[in-house]
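For reference, the chains in residue letters:
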Amino acid sequence: GGGGGGGGGADVAQEEQLCADTTVADALRHRGVVPGPDTHLGYLQLLVRLRPRRVYSYLRSTDACRSSEALAEVSGRPEVADANAYLLERLARRQEALDLVAQTLRTQLEALRKAATSFARASRLGLTEEAQRARALREAGLVDDRGSASAGEGGPASAGGGAAPALGATAAASMADDGSGAGG
């Protein structure tokens, strides 16, 4: 049942603020529910699917999620490579974590290199700056034809939370401006 009375609006506002300021686990605890490892794992599964940028920060905020099970959920998914490396480190598999980070960086650098080359080519074609960026990012596979990030929520995973598309455009533009990606 409800709390009755006229304080309903204040209760809703208080709950909304609580949800904005805390994790799901904290909100549940506030209501007297203590989520177990299975609840945390279910939440992690949802985050991986729906909000991959938030997976790493969620894992860092809780010890209740079993690392080995969480690793099974994120393993092999490039959009959550940062969370994958974090879990490998938590399981004392540091070399695997470093290898994963190195591979992710190589993949992102290759995508940036492709974007810079494409940006320079588009520049030579006389396209507007915005059209140059869009074409370069599409050709590099960083965005799809609609301009949306192509790998998960934020493009290729990065330690910064998936900022690769914006970084790609900036890096491509600066590389083309200084001539490092252009032929003359």
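Along each chain, numbering runs from 1 in the same order as the chain's sequence is written. With the structure being a predicted model, the display of local features is reserved for residues of pLDDT at least 70 and the display and counting of side-chain atom pairs for 80 or more, all residues being used for whole-chain, interface and lining totals. Neither water nor hydrogens contribute to the side-chain values; these are computed over all heavy atoms in the structure.

**Student:** Honestly, the overall build of the protein chain in this entry has me stumped. Any pointers?
**Tutor:** Within the protein chain one finds nine helices and zero strands. Every helix listed is a DSSP run of H or I at least four residues long, and every strand listed is a run of E at least two residues long, numbered separately from the N terminus. When the helices and strands of the protein chain are read in sequence order from the N terminus, they spell out α-α-α-α-α-α-α-α-α. Burial status across the protein chain gives 33% buried among its 184 residues. Residue pairs in contact within the protein chain that sit at least 24 positions apart in sequence constitute 48% of those at least 6 positions apart. Exposure is judged per residue with a 1.4 Å probe applied to protein chains only, and the accessible area is read against the type maximum: over 50% gives exposed, under 20% gives buried, and values in between give partly exposed. Two residues qualify as a contact provided that any one of their heavy atoms is within 4.5 Å of a heavy atom in the partner residue.

**Student:** Even after reading the chapter, I still don't get the packing of aromatic side chains, so can you show me in this structure?
**Tutor:** Note on aromatic contacts: the rings of Phe and Tyr and the six-membered ring of Trp form a pair at centre separations within 6.5 Å, being stacked when their planes are under 30 degrees apart, edge-to-face when over 60 apart, and tilted otherwise. Across all of its chains, the model carries two aromatic pairs by this definition. Here Tyr-43 and Tyr-58 contribute two aromatic rings whose centre-to-centre distance is 4.8 Å and whose plane-to-plane angle is 70°, an arrangement assigned as edge-to-face. Taken together, the residues span a long stretch of sequence, with Tyr-43 in helix H3 (residues 37–50) and Tyr-58 in helix H4 (residues 55–61) at a distance of 15 residues. Owing to a relative accessible area of 7%, Tyr-58 belongs among the buried residues under this scheme. Relative to Tyr-86, the ring of Tyr-56 has its centre 5.6 Å away and its plane inclined at 85°; by these criteria the two rings are edge-to-face. Of this pair, Tyr-56 sits in helix H4 while Tyr-86 sits in helix H6 (residues 81–90), and the two are 30 residues apart along the sequence. Exposure remark for Tyr-56: the relative accessible area of 25% places this residue in the partly exposed category.

**Student:** What is the right way to look at the packing of H6 against helix H7 (residues 94–124) in this model?
**Tutor:** Any two packed helices are characterised by the angle at which their axes cross and by the distance between the axes. Closest axis-to-axis distance for the H6/H7 pair is 7 Å, and the angle between their directions is 165°. In this view, H6 runs roughly antiparallel relative to H7, as classed from their interaxial angle. Between H6 and H7 lies a crossing of left-handed hand. Residues Ala-81, Asn-84, Ala-85, Leu-88 and Glu-89 of H6 touch H7, and the partners they reach there are Arg-94, Glu-96, Ala-97, Leu-100, Val-101 and Thr-104. Throughout this entry, Asp, Glu, Lys and Arg are counted as charged residues, while Ala, Val, Leu, Ile, Met, Phe, Trp, Tyr, Cys and Pro are counted as nonpolar. The remaining residues, Gly among them, count as polar. A breakdown of the residues in the contact of H6 with H7 according to their chemical character gives six nonpolar, two polar and three charged. To get an axis, fit a line to the C-alpha atoms, keeping to the stretch in contact for a helix; angles then go from 0 to 180 degrees between the N-to-C directions. For classification purposes, angles smaller than 35 degrees are called roughly parallel, those larger than 145 roughly antiparallel, those between 65 and 115 roughly perpendicular, and all remaining angles oblique. Note on convention: the crossing is left-handed when the near helix lies turned anticlockwise from the far helix by less than a right angle, right-handed when the turn is clockwise.

**Student:** Sorry, what's going on with the pattern of salt bridges here?
**Tutor:** Side-chain pairs of opposite charge can arise where the charged atoms are in close proximity. Salt bridge, as applied in this entry: a Lys or Arg side-chain nitrogen positioned within 4 Å of an Asp or Glu carboxyl oxygen. Enumeration according to the criterion identifies five salt bridges in this entry. One salt-bridge network, in which partners are shared between bridges, spans Asp-38, Arg-66 and Glu-69.

**Student:** Just checking my understanding: could you explain helix H8 (residues 129–139) for this structure?
**Tutor:** Think of an α-helix as 3.6 residues a turn; residues three or four steps apart then line up on the same face. All of the buried residues along H8 are Gln-132, Ala-136 and Leu-137. An end-on view of H8 places all buried positions within 120° of arc, on one side of the element. Immediately downstream of H8, the backbone of Gly-141 shows phi near 80°, a positive value. Directions pointing from the helix axis toward each C-beta atom define the arc.

**Student:** When you look at the environment of Leu-28 in this model, what are you seeing that I'm missing?
**Tutor:** Its location among the elements puts Leu-28 in helix H2 (residues 24–30). Take Leu-28: its relative accessible area is 26%, and that puts it in the partly exposed class.

**Student:** What's the story with the side chain of Ser-67 in this structure? I'm lost.
**Tutor:** Following the sequence through the fold, Ser-67 ends up in helix H5 (residues 67–74). Since its relative accessible area comes to 14%, Ser-67 is described here as buried. For this analysis, a polar contact is any N or O atom pair within 3.5 Å, provided that within protein one partner can donate a hydrogen and the other can accept it, and provided that sequence-adjacent residues contribute only side-chain to side-chain pairs. Side-chain polar atoms of Ser-67 contact the side chain of Arg-90, separated by 2.8 Å. With residues up to four places along the chain from it excluded, the contact list for Ser-67 reads Leu-87, Arg-90 and Leu-91.

These figures come from the coordinates and say nothing about function on their own.
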